Every structure is written in structure tokens, then in C-alpha cells.
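Chain residues, written in single-letter form:
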Amino acid sequence: MTDVPERMPLTHDFFDRPVVDVAPDLLGRILCRNTPDGPIELRLTEVEAYDGESDPGSHAYRGRTARNASMFGPPGHAYVYFIYGMWFSLNAVCGPEDKASGVLLRGGEILAGTTLAAGRRPKARNTNELAKGPARLATALDIDRSLDGTDLCTGGTAPLSVLHGRPPAPELVRSGPRTGVGGDGADHPWRYWIADDPTVSPYRAHVPRRRRTTTAT
């Protein structure tokens with residue numbers, strides 16, 4: 001079997017598979033971000049799978065909207081969304097076009113451009129925290145909605161790309177429920193991470209929001 005060079009971009013065919021196959025296979029891959037200030041590279045250590053209109057936890061569960069349109073696009077492209085009015089999150093679109101599914105890139109180890117990433121994450125206590133969680137990852141890599149729909153398989157000077165990297169040994173891959181997902185999708189074991197890696201975020205179960213009540217006067 002011929003070894004694939006670590007710096008070779010992943011192909012669209014890699015992403016054109018069921019999302020629960022792609023997600024664990026993204027661990028150990030290298031996410032490259034070419035910013036105006038220079039490149040930043042990250043080794044993926046934690047991801048989550050979302051299976052579109054069949055998955056109550058997915059943004060596409062109720063169909064296509066202006067917000068989630070990129071999830072229905074061709075595989076191997078970025079889906080970037082804004083959450084809680086504060087943060088961006090980056091996903092890799094999977095499966096055939098017009099069938100929405102994607103992998104949330106939850107965490108990773110900064111390999112290059114550490115100074116640039118730290119400048120965007122000044123509250124991080126150490127380098128392990130720079131991209132420990134999806135909002136931190138997007139912030140550290142200067143990712144926003146302008147990158148929504150970007151082709152991840154181009155490499156070179158592309159603003160975003162995912163390289164082959166070096167996947168971990170199968171025995172190091174763990175899985176469990178997704179962070180913060182409630183309802184019928186709460187128990188899907190579709191969060192994947194590299195065991196004992198310090199850049200993996202802690203699991204947090206879904207906590208229902210309390211509705212505000214008003215008291216009659």
C-alpha cells in the first residue's frame with residue numbers, strides 16, 4: 001500500500017461518504033487557514049457528526065434555509081454558522097450534493113502560526129486551549145461567514161483546506177454523545193476524539209433553557 005503524503009489535500013471523494021464514516025476519519029488531519037497575516041495550521045483532535053434531515057440535532061433537520069444552504073452543497077466544502085450572537089463554528093460538508101450532512105470541527109492542536117492564533121485568543125491560558133472547542137477553533141483561525149462554502153480540497157494558497165496529515169491509531173479513537181445536544185439526538189455517539197489528547201474539550205450534556213415567567217401584579 002502506498003503512503004499518502006501528509007501535505008496532500010483530502011479529495012472531494014473522501015468527504016462524499018456517510019458523515020459517521022467521515023467524522024472519525026478526520027481525526028489527525030491538518031486544517032490549514034491562510035489568513036492575511038500568515039498561515040495557521042491545526043491537527044484535528046475532536047469532531048462531531050450531524051446527519052442532516054434525519055438528525056434532530058442537525059441545523060438541516062427541518063430542511064434548507066438561507067443559513068444552512070451550504071450543508072446541501074457539494075461535499076468537501078465549508079459550512080460556517082454564527083451561534084449565540086457571538087461565535088462562529090466551522091463544519092466540513094459530507095455526502096452527496098442536496099443531502100445535507102456535515103462534521104463540526106470541535107478542537108485541535110495548533111501546529112503552525114501559534115503566535116497568530118494566540119493573538120486572536122488572548123484569554124487562552126496555554127497553547128492547548130487555543131482551539132479547544134469549536135468557537136475557540138474558529139476564533140483562533142480567523143474563521144467567519146465569509147468562508148462559508150469554501151472548497152476545502154484545493155490546498156496551496158486557498159483560504160481553507162484539509163490535508164491528509166497522520167490519522168491516529170484506531171485504538172486511540174473514542175466516541176460518545178455529542179456536546180450540548182438534547183432531545184431525540186442526545187444519545188447518538190457521534191462525537192469522536194483522540195484519547196487523552198489535551199486539546200480535546202470536556203463533554204457537556206444538554207441543559208434545557210429555562211423559559212422566563214412573568215408575575216401578575
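Residues numbered from 1 in each chain as written. Predicted model: local features only at pLDDT ≥ 70, side-chain atom pairs only at ≥ 80, totals over all residues. Heavy atoms only, no water.

Peer 1: Could you clarify how one ought to interpret the nonpolar core in this entry?
Peer 2: Across soluble globular proteins, you tend to see nonpolar side chains buried next to one another. If you look at the biggest cluster of nonpolar residues, it comprises 39 residues, and the most contacted ones within it are Phe 15, Leu 26, Leu 31, Val 103, Leu 105 and Ile 143. The dominant element in this core, judged by the number of residues it contributes, is strand β2 (residues 38-50), at five residues. Apart from the residues within four sequence positions on either side, Phe 15 is in contact with Leu 10, Val 22, Leu 26, Pro 75, Gly 76, Ala 92, Val 93, Cys 94, Gly 95, Cys 153 and Val 162. Counting ten residues, the second-largest nonpolar core is a separate cluster that includes Tyr 79, Tyr 81, Ala 100 and Leu 104. (Core = buried A, V, L, I, M, F, W, Y, C linked by side-chain atoms within 4.5 Å. Buried < 20%, exposed > 50% of the residue type's maximum accessible area, 1.4 Å probe, protein only. Helix = DSSP H or I, 4+ residues; strand = E, 2+ residues; numbered from the N terminus. Contact = heavy atoms within 4.5 Å.)

Peer 1: Can you help me understand the pairing of β2 in this one?
Peer 2: When you tally the buried positions in β2, you get eleven out of 13 residues, the bulk of the element. Relative to β2, strand β1 (residues 30-35) is paired through six bridges, and the arrangement is antiparallel. Residue pairing for β2: Arg 33 is matched across the bridge by Ile 40. Of the pairings in the sheet, the one linking β2 to strand β5 (residues 102-112) comprises nine bridges and is antiparallel in character. By the bridge assignment, Ala 49 is partnered in β5 with Val 103. Pairing geometry for β2 and strand β8 (residues 191-194), over three bridges, is antiparallel. Across the sheet, residue Val 47 finds its bridge partner in β8, namely Tyr 192. (Pairing = 2+ DSSP bridges.)

Peer 1: Quick question: what am I supposed to make of the confidence of the model for the protein chain here?
Peer 2: Caution applies to low-pLDDT regions: their predicted coordinates should not be interpreted in detail. The predicted model of the protein chain averages 91 in pLDDT, with 94% of residues at 70 or higher. With pLDDT under 50 throughout, residues 213-217 is counted as low confidence; its partners more than four residues away or in other chains account for zero contacts. (pLDDT = per-residue confidence, 0-100.)

Peer 1: Quick question: what am I supposed to make of the pattern of salt bridges here?
Peer 2: Working definition: two side chains of opposite charge can pair if their charged atoms are close together. Enumeration over the complete set of coordinates arrives at 16 salt bridges. Notably, a salt bridge pairs Arg 43 with Asp 197, separated by 3.3 Å at the nearest N-O pair. Taken as a pair, Arg 43 in strand β2 and Asp 197 in the segment after β8 lie far apart in primary sequence, 154 residues in all. Judged by its relative accessible area of 22%, Arg 43 falls in the partly exposed class. Put simply, Arg 120 and Asp 142 hold a salt bridge, and the shortest N to O gap is 3.3 Å. In this pair, Arg 120 is assigned in helix α3 (residues 114-120) and Asp 142 in the loop between α4 (134-140) and β6 (160-163), connecting sequence segments 22 residues apart. (Salt bridge = Lys/Arg side-chain N within 4 Å of Asp/Glu carboxyl O.)

Peer 1: It is not clear to me how the layout of surface pockets should be interpreted in this structure. Could you clarify?
Peer 2: Over the atoms a probe the size of a water molecule is rolled, and this reveals where empty space is left. The space that makes up the largest pocket amounts to roughly 1,300 Å³. Forming the walls of the largest pocket are 45 residues, and the residues nearest its centre are Ile 83, Tyr 84, Arg 106, Thr 179 and Gly 180. Those elements that provide at least two residues to the lining of the largest pocket are β2, β3 (78-83), β4 (87-93), β5 and α4. Tallying contributions element by element places α4 first for the lining of the largest pocket, with four residues. Here the residues of the lining of the largest pocket are counted per class, giving 17 nonpolar, 15 polar and 13 charged. (1 Å grid on protein atoms, 1.4 Å probe; cavity = no way out; pocket = protein on both sides within 12 Å on 5 of 7 lines; lining within 4 Å. Points joined across faces, edges and corners; volume = space filled by probe spheres on them. Nonpolar A, V, L, I, M, F, W, Y, C, P; charged D, E, K, R; others polar.)

Peer 1: In this structure, what is going on with the environment of Glu 129? I would like to understand it.
Peer 2: Within the element layout of this structure, Glu 129 appears in the loop between α3 and α4. Between the C-alpha atom of Glu 129 and that of Ile 30, which follows or precedes it by 99 residues, the distance is 17 Å. Setting aside chain neighbours within four positions, we find Glu 129 in contact with Arg 121, Ala 124 and Arg 136.

Peer 1: Please explain unusual backbone geometry as it appears in this structure.
Peer 2: Glycine aside, residues mostly have negative phi, and peptide bonds are mostly found in the trans state. One non-glycine residue, Asp 98, lies in the positive phi region at around 80°. Tracing the backbone through its elements, the reader meets Asp 98 in the loop between β4 and β5. With phi around 60°, Asp 142 is a residue other than glycine that occupies positive phi space. Overall, the relative accessible area of 23% leaves Asp 142 in the partly exposed class.

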